[in-house]
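# Examination of the molecular architecture
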Amino acid sequence: MNLELDFDFDKIRDKLLNETRTLPQGKDALESLIKLRKNYEIKVPGYRNSLKILSDTTYKDRKHFLLELIQNADDATYLSSDPKLEFTIFEKYIEVSYNEEGFSVEDVIAITDTGNSTKKLDKINSNNFIGEKGIGFKSVFALASEVEIESYPWHFKLNSDTIIVPQIIEKSNLVKGDGTRIKIDFKDKESINIIAQELYRFVKGDIESFLFLQKISGFTLTDKRSEKSKFSIVIEPKVRKGKKLTIKTQPENKIRNYALYSEEITFNKELVLDRWENMECNLDYIKRNISVAALISSKDIEVTTGRVYCYLPTEITLPLPIFLQFDGHLTADRGRLHDIENNKWNKRIIECLPGFLVNAILNWRNDAVISKKLVDYLPTEIGQGQLKDVISEFKEKLKKSSCIKTNHDKKKWVNPCDSIIADAYFTKIFREYPDFMVKVENLLNVNFVNFNWCKNSKWMDIITNYYDVRGFDISVIMEVLSNIGMPTKVLNDDKKLTELYKYIYDSLKDLGWGYKKKQREKLEYAKIFPIKVNRRNNFNSLKRNEDDKVFYLSSKKEFDLDIDDNVVKYNIINPTYTRSEEHTSELQ
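Figured I'd write up the structure that's included with this text. (Residues numbered from 1 in each chain as written. Predicted model: local features only at pLDDT ≥ 70, side-chain atom pairs only at ≥ 80, totals over all residues. Heavy atoms only, no water.)

Of regular secondary structure, the protein chain possesses 18 helices and 21 strands. Expressed as a percentage of its 588 residues, the buried residues of the protein chain come to 49%. Sequence-distant contacts in the protein chain: of pairs separated by 6 or more residues, those separated by 24 or more amount to 62%. Accessible surface for the protein chain amounts to roughly 29700 Å². Of this, 46% is attributable to carbon and sulfur atoms. (Helix = DSSP H or I, 4+ residues; strand = E, 2+ residues; numbered from the N terminus. Buried < 20%, exposed > 50% of the residue type's maximum accessible area, 1.4 Å probe, protein only. Contact = heavy atoms within 4.5 Å. Areas by Shrake-Rupley, 256 points an atom, 1.4 Å probe, with all protein chains shown as cover.)

Below you can see the structure in the form of structure tokens.
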């Protein structure tokens, strides 16, 4: 049969498709569909060759079709409250089975087509995956020679030569309610080995591939070759609406716990039609979920980088340990976002991402586990990926957000610019005298970073170098000593007072001469010396005029302060005005 260029292909195609939809499901409907695929579509000039090219080059990674099969299973309709998916490896083929309700006529039409998807027709207002061009399943033929599909009452096969033309298989072993079974025969044994290796990677390492599945709660891999081994993954909870997710593997007994956060974003009708040009849309807008997951506990892995998922993992990496999920418009190989500069759908997502990520961080502050390690999820570098501008804006927004933990119950979190890091000496003082810490915070108009956070040097490096949190330097110390002084119990305890003086001396000794002189002059005003005039205890208060010099009794004492096992000798003096003698208790 030769088709002329003026042949009304679309009219005949629509007629046969409508006829297929009205016939009894199973053999009768398949015969009508075969008539369309075999006698018309496959004979369109160049169509067969296009299908071969499509199946062989849709994805740069030929194993990617496994993820497509997982996604299709997750997107199915289930009557069971415990949806399960199983892959079984044999010597020459693999089988995929899942306990879904079963294929509909629209499913069969879609899986034998390249331009339609049932997902476009009935899930436009959901948060599930929507097929772009119906091409995902065709990628199986990059390695497969034949695919058999059995889902009551349907039983047919597709081969790598015609791809879209189903061949009816008369006998069926499944009955209604048995779900779907897909058998994939490969072109050579090496393909089986490649697929087996990839499936083992899913269950032993990259279990994050199952992170954003909406329905599947159990995954099983059985290898019936020489090893005869079995692996399983359980995803909890079964209903994915909470803020936590756990993935468990057997027999390795790996357990990974994740914190989740989600928001909905709205796409107007213009954006919907811009993405799916041939779709009829009677809605003014649709909603899509954006989700992010953070690994909060695992015994087998430490995550340092993240990845973007568009239901399936993409090639887009993130320079921080989070996993980001959104319904992006991807390139044909599903590796990257399509034209992020001009694609209106993707631009809508990207403009929402920085604010969404900030909200996720702020939400995780309320989680007892993840809040203790929140700094791990703050970005430092922006990376080189497609979302580097997103990460950069996310980072800048965080600098203006309450993401730094304090030591208070009421005001637990503050902005980076409103926080300061206490050093080891003052952390010890503040822990012992919390009321004094509050006075210092009020004076400086800041809050001290949580003392437990301060124990982690990596975190302190992050918040000081990347989020501009101040340190408790000598100028701040002098401001505190001049305006507040120290707790009375410190000033009345010789041992504690000596520790304070040694702390000041150590803080000054490595400074440059000019800056050191300036800070030493401020000691005149420090309320930390054992003198009292008009209820003040700083040297400057003893002066009657600016030219006065102050001389006073100096006492040399020795104390064992347990500082490096040495006995510390000290003089309580002001070196600007006093010279020290070897004898004691003598007026100078």
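Next comes the rest of the description.
Turning to the pattern of salt bridges, a few remarks are in order. This model, assessed by the stated rule, comprises 25 salt bridges. Its salt-bridge partner being Glu198, residue Arg201 comes within 2.4 Å of it at the nearest N-O pair. Linking Arg201 with Glu198, this pair stays in helix H7 (residues 189-204), spanning 3 residues, or about one helical turn. Arg201 gets classed as partly exposed once you look at its relative accessible area, which sits at 34%. Judged by its relative accessible area of 9%, Glu198 is buried. Lys399 is the salt-bridge partner of Asp468, the closest N and O atoms lying 3.9 Å from each other. Of this pair, Asp468 sits in the loop between helix H14 (457-465) and strand E19 (470-471) while Lys399 is found in the loop between helix H10 (388-398) and strand E15 (404-405), placing the two residues 69 residues apart along the sequence. (Salt bridge = Lys/Arg side-chain N within 4 Å of Asp/Glu carboxyl O.)

In globular proteins that are soluble, nonpolar side chains generally tend to be buried together. Judged by nonpolar contacts, the single largest core of 70 residues is most densely connected at Phe87 and Ile184. Sequence-distant contacts of Ile184, that is, excluding residues within four places in its chain, are made with Phe65, Leu69, Lys92, Tyr93, Ile94, Val140, Ala144, Glu146 and Val147. Residues Ile286, Ala294, Trp345 and Ile370 belong to the second largest nonpolar core, which totals 57 residues. (Core = buried A, V, L, I, M, F, W, Y, C linked by side-chain atoms within 4.5 Å.)

Another aspect to go through is the pairing of strand E9 (residues 244-250). Pairing of strand E8 (residues 229-236) with E9, which is carried by 5 bridges, proceeds in the antiparallel orientation. Bridging across to E9, Ser232 finds its partner in Gln250. Here E9 pairs with strand E10 (residues 255-268) via 5 bridges, running antiparallel. Bridge assignment links Lys248 to a residue of E10, and that residue is Ile255. (Pairing = 2+ DSSP bridges.)

Another point: the environment of Ile182. Tracing the backbone shows Ile182 in strand E6 (residues 180-186). Residue Ile182 is classed as buried on the basis of its relative accessible area, which comes to 3%. Separated by 87 residues in the primary sequence, Ile182 and Glu95 have C-alpha atoms spaced 5.5 Å apart. Discounting chain neighbours no more than four positions away, the residues touching Ile182 are Ile94, Glu95, Val96, Tyr98, Val147, Glu148 and Ile149.

Together, Asp339, Glu341, Asp389 and Glu393 make up a region of like negative charge exposed at the surface. The residue Asp339 is located in the loop between strand E14 (322-325) and helix H9 (344-364) in this model. Look at Asp339 and you get partly exposed, because its relative accessible area is 36%. (Patch = residues over 30% accessible without salt bridge, like charges linked within 9 Å, V, L, I, M, F, W, Y side chains within 5 Å. Lys, Arg positive; Asp, Glu negative; His and termini not counted. Charge placed at Lys NZ, Arg CZ, Asp CG, Glu CD.)

Attention shifts here to the packing of helix H15 (residues 474-483) against helix H17 (residues 494-509). At a closest axis distance of 11 Å, the pairing of H15 and H17 adopts a crossing angle of 145 degrees. With respect to the hand of their crossing, H15 and H17 are arranged in left-handed fashion. Contact residues: H15 offers Ile474, Ile477, Met478 and Leu481, while H17 offers Tyr503, Ile504, Ser507 and Leu508. Of the residues that constitute the contact of H15 with H17, the class distribution is 7 nonpolar, 1 polar and no charged. (Axes fitted to C-alpha atoms, helices over the stretch in contact; angles between N-to-C directions. Left-handed = near helix turned anticlockwise from the far one by under 90°. Nonpolar A, V, L, I, M, F, W, Y, C, P; charged D, E, K, R; others polar.)

Read these as spatial facts, not as claims about activity.
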